[in-house]
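Architecture at a glance
Letter by letter, the chains look like this.
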Amino acid sequence: MREAELLEIRTAVAQLCASYPGKYWRELDRERRYPTEFVRALTAAGYLSCLIPEEYGGSGLGLTAAAAILEEVQASGANGAACHAQMYIMGTLLRHGNPAQKRQYLPQIARGDARLQAFGVTEPTAGTDTSSITTTAVRRGEAYVVNGQKVWTSRAEHSDLMLLLARTTPRDQVAKKTDGMSVFLVEMRAALGRGLTIRPIRTMINHATTEVFFDNLEVPAANLIGAEGRGFRYILDGMNAERILIGAECIGDARWFIGKATGYAAERRVFGRPIGQNQGVQFPIARAYMAMRAAALMVERAATLYEAGQPCGAEANMAKQLGAEASWQAADMCLQTHGGFGFAEEYDIERKFRETRLYQIAPISTNLVLSYIAEHVLGLPRSY
Ligand SMILES: Cc1cc2nc3c(=O)[nH]c(=O)nc-3n(C[C@H](O)[C@H](O)[C@H](O)COP(=O)(O)OP(=O)(O)OC[C@H]3O[C@@H](n4cnc5c(N)ncnc54)[C@H](O)[C@@H]3O)c2cc1C
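Below, the structure is looked at part by part. Nothing here was measured: the structure is a model prediction, and the numbers come from that model. What you see as residue numbers is a count from 1 along each chain, following the sequence as written. A pLDDT threshold of at least 70 governs which residues receive local features in this predicted model, and a stricter bar of 80 or more applies before side-chain atom pairs are shown or counted, although totals over entire chains, interfaces and linings include all residues. Think of the side-chain values as coming from all heavy atoms in the structure, minus any hydrogens and water.

**Side note on the packing of aromatic side chains**
For clarity, the threshold we go by: Note on aromatic pairs: the rings of Phe, Tyr and Trp (six-membered ring only in Trp) are paired at centre separations within 6.5 Å, and the planes decide the class, stacked below 30 degrees, edge-to-face beyond 60, tilted for the rest. Accessibility here uses a 1.4 Å probe with only protein chains present; expressed as a share of the type maximum, an area under 20% marks a residue as buried, one over 50% as exposed, and anything in between as partly exposed. Geometrically, a lysine NZ or arginine CZ counts as sitting over a ring once it is within 6 Å of the ring centre and also within 35 degrees of the ring normal.
Applying the stated rule across the entire model yields 10 aromatic pairs. Relative to Y24, the ring of Y20 has its centre 5.1 Å away and its plane inclined at 65°; by these criteria the two rings are edge-to-face. Both residues of the pair, Y20 and Y24, belong to the buried class. Here the aromatic cluster, defined as three or more aromatic residues joined through ring pairs, consists of Y20, Y24, W25 and F38. Above the plane of the ring of W328 lies R357, whose end atom (NZ or CZ) is 5.3 Å from the centre. Cation over ring: R382 sits above Y384, and NZ or CZ is 5.4 Å from the ring centre.

Written as structure tokens, this is what we have:
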């Protein structure tokens, strides 16, 4: 995509976000309320369906554009976590869904009539070891019967569709432990009260996250994505997109923290001069800026490879990790630059500080990225 087009998208997203200032996010955060108005506005402007091909009503843009959109959302001080999943879950449906599934669901999503925002992978006992999931889907006639539990299924209460990973063959009956898992598109509205129960989890951030229980939930066999037993591979495809997009969001967060800190350092006078005149205050800002710019290059590179259909596992992981490190460095610096005022809600720093901390842990924790690089890129022995 041409630089000028990307810049146009960035400017338009920033303009939309300007209608949702810190006050809006602060109030939602206090009440742990979902940003319905903001998500509607992003949907109406077509940003959340930017990856859907034009033939299905989307704008058919690539991951670079999606990354730019989410970066600008975060850079405005907003929190795109309320709706970012639609962009990365989409990868699995676009790449592995059959034409009938695409015809049925993509136009609804593109119109904003249905939200694909819930991603049911993590389970309480399996944790990061996805192949140990115990939620099962057993074929019975024209349906699969799902039993089990997921945790941290974010946005489940605000989504119409869930992409669900479940075991269709027990782990001890497959050659590879990652075989025997399948992906389903679950229509959540119809399932609620008929085998699907959602319970919100209150967390340190406003993330609308939940635990989800399946009790003999029937999912039509037509909603199986791709071939039975190959779901882990399909999910992995989506995960590279997810890591790149989260990396981009972290760049946006870092930009917001750096902008705030720079503004405050230039303005706040102590000992008769701006605090930003002291190199002890300047240098951490400059370091955070360099870390952000370096991470942004990795995000760009990973997105370019992804769009070209080339292998990008290492770059996607590095983009997520470097982005998350840059945003956390910037968050810590910004709080320090503001002194005591950084703790006051009205500055939004403590909120963004809590929000950006998530990306050290989700969607993949830092240790797991490091072991990916050590083992898959550097060839060191596998630790698990
Ligand atoms: C707010 C929030 C929203 C989320 N949203 C979703 C969602 O929408 N959908 C979804 O499916 N999941 C979601 N998650 C789950 C998230 O992806 C997991 O929390 C994350 O992958 C880590 O898994 P875990 O919490 O089970 O940690 P664990 O796997 O229990 O790990 C705990 C700690 O041990 C470390 N560790 C574990 N194994 C190793 C090892 N072999 N080597 C070194 N260190 C190790 C980890 O790095 C981590 O620091 C969300 C989580 C949160 C907190």
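**Things to note about the nonpolar core**
We apply this condition: We define a nonpolar core as any set of buried Ala, Val, Leu, Ile, Met, Phe, Trp, Tyr and Cys residues linked to one another through side-chain atoms lying within 4.5 Å. Helix and strand definitions follow DSSP, with helices as H or I runs of at least four residues and strands as E runs of at least two, each counted in order from the N terminus. Contacts between residues were defined by any pair of non-hydrogen atoms, one from each residue, lying within 4.5 Å.
Within the largest apolar cluster, 96 residues are counted, with the highest numbers of intra-cluster contacts made by F38, M87 and I244. Element by element, the count of residues in this core is highest for helix α8 (residues 231-267), at 18 residues. The contacts of I244, once residues within four sequence positions are left out, are L63, V299, A302, A303, Y306, C312 and A316. In this structure, V146, F184, V186 and L196 belong to the second largest nonpolar core, which totals 20 residues.

**Looking at the environment of M1**
Locating M1 in the fold gives a position in the segment before α1 (3-17). Sequence separation between M1 and G62 is 61 residues; the distance between their C-alpha atoms is 8.1 Å. Those residues in contact with M1 that sit more than four places away from it in its chain are L6, I9, L61 and A65.

**Structural notes on unusual backbone geometry**
Note the cis peptide between A362 and P363, where omega equals -5°. Tracing the backbone shows P363 in the loop between α11 (349-357) and α12 (366-377). Located in the positive-phi region is W152, a residue other than glycine, with phi close to 60°. Phi at D348 takes a positive value of approximately 70°, unusual for a residue other than glycine. Looking at where D348 falls in the secondary structure, it is placed in the loop between α10 (313-338) and α11.

**Observations regarding α1**
Threshold: Helix span is expected to be 1.5 Å times the residue number reduced by one. Note that the arc is computed from the directions linking the helix axis to the C-beta atoms.
The end-to-end C-alpha distance of α1, which contains 15 residues, comes to 21 Å, matching closely the 21 Å that a straight helix rising 1.5 Å per residue would cover. Here α1 has its buried residues at L6, I9, V13, L16 and C17. Down the axis of α1, the sector holding all buried residues measures 95°, keeping them to one side. Opposite the buried face of α1, at more than 90 degrees from it, the exposed residues are E3, L7, E8 and Q15. Contact partners of the buried residues in α1: α3 (36-44) and α4 (63-75).

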